[in-house]
Amino acid sequence: SQTIHQWPATLVQPVGSPLSLECTVEGTSNPNLYWYRQAAGRGLQLLFYSVGIGQISSEVPQNLSASRPQDRQFILSSKKLLLSDSGFYLCAWRKGGGGYTFGSGTRLTVV
Amino acid sequence: QQQVKQSPQSLIVQKGGISIINCAYENTAFDYFPWYQQFPGKGPALLIAIRPDVSEKKEGRFTISFNKSAKQFSLHIMDSQPGDSATYFCAASKEGETSGSRLTFGEGTQLTVNP
């Protein structure tokens, strides 16, 4: 069966520090991968998606970047965090028809 | 980005009652309409989904009603239970897109079922 792993679960980082969130998927190959951000427990904002290794599309210009170094690995990064980067970050995968499967999320607080 | 508008923002229902959440979409090319359930601190989980070739789909106490001409779809939760208290998101996508079949989500509805 397919599983998605996302870590860390919570993170408190100072303004200006770097960020790296990792997401991995098991039990499938060549999935579509997505990074979403959710503010205040509502509204899912698509940040990045990837249809293959090294292929990244950005939906919203901002202080973040994404990379897909391996087929089932998706990384969200920032060189310098802003207060506005705080939120709940969700990774998801999809293959073929059907809905997304989301990870358990990372609660990021920038202080 | 094509919008999906969801209402109400919040809903309070008594145990045993019917919860109804509505969504409207703009893009007539959308052909996949899922609903997600999210508990606090957790990722959303797929609840039920429908495609436009049917007008209704039922799974247990959860039913999606779909009106293609009106470009609307709704989630009905029958016999609502306190354990159904969560945030619900509708979504829509066009399948088979080479650009990743991205789901467009509604803003969410916070459902509270009182005992």
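Figured I'd write up the structure that's included with this text. (Residues numbered from 1 in each chain as written. Chains lettered and ligands numbered in written order. Predicted model: local features only at pLDDT ≥ 70, side-chain atom pairs only at ≥ 80, totals over all residues. Heavy atoms only, no water.)

**So, the interface of chain A and chain B**
Worth spelling out the cut-off: Two residues form a contact once any of their heavy atoms are found within 4.5 Å. Note on terms: buried area is the combined drop in 1.4 Å-probe accessible area of two parts once they are placed together, counting the loss on both. Any carboxyl oxygen of Asp or Glu that lies within 4 Å of a side-chain nitrogen of Lys or Arg is treated as forming a salt bridge with it. Two N or O atoms count as a polar contact when they lie within 3.5 Å, although within protein this holds only if one can serve as hydrogen donor and the other as acceptor, and sequence-adjacent residues are included solely when both atoms are side-chain atoms. Numbering of helices and strands runs from the N terminus; a helix is a DSSP stretch of H or I covering at least four residues, while a strand is a stretch of E covering at least two. Each residue gets one of three labels, nonpolar for Ala, Val, Leu, Ile, Met, Phe, Trp, Tyr, Cys and Pro, charged for Asp, Glu, Lys and Arg, and polar for the others, Gly among them.
Of the residues lining the interface, 23 residues belong to chain A; the matching set on chain B comes to 23 residues. Counting the surface lost from both chain A and chain B, the interface buries some 1,700 Å², and carbon and sulfur atoms represent 50% of this. The tally of links between chain A and chain B comes to 1 salt bridge. At the surface where chain A touches chain B, the tally comes to 7 residue pairs in polar contact (both at pLDDT 80 or more). Elements with a contribution of two residues or more to the side of chain A that touches chain B: strand S4 (32-39), strand S5 (42-52) and strand S9 (87-94) of chain A. Among the elements that take part in the side of chain A that touches chain B, S5(A) stands out by supplying 6 residues, more than any other. For the side of chain A that touches chain B, the per-class residue count stands at 10 nonpolar, 10 polar and 3 charged.

**Some details on the environment of A:Ser78**
Residues and elements named next belong to chain A. Heads up, the condition is: We call a residue buried when its accessible area falls under 20% of the maximum for its residue type, exposed when it is over 50%, and partly exposed in between, using a 1.4 Å probe and counting protein chains only.
Mapped onto the elements, serine 78 comes out in strand S8 (residues 73-78). Of the residues examined, serine 78 reaches a relative accessible area of 6% and is grouped as buried. Sequence separation of serine 78 and serine 20 is 58 residues, and the distance between their C-alpha atoms is 6.8 Å. In this structure serine 78 touches Pro18, Leu19, Asn63 and Leu64, once residues within four positions along its chain are discounted. Among the polar contacts made by the side chain of serine 78, one reaches the main-chain carbonyl oxygen of asparagine 63 at a distance of 3.1 Å. At a separation of 3.3 Å, a polar atom in the side chain of serine 78 contacts the main-chain amide nitrogen of lysine 80.

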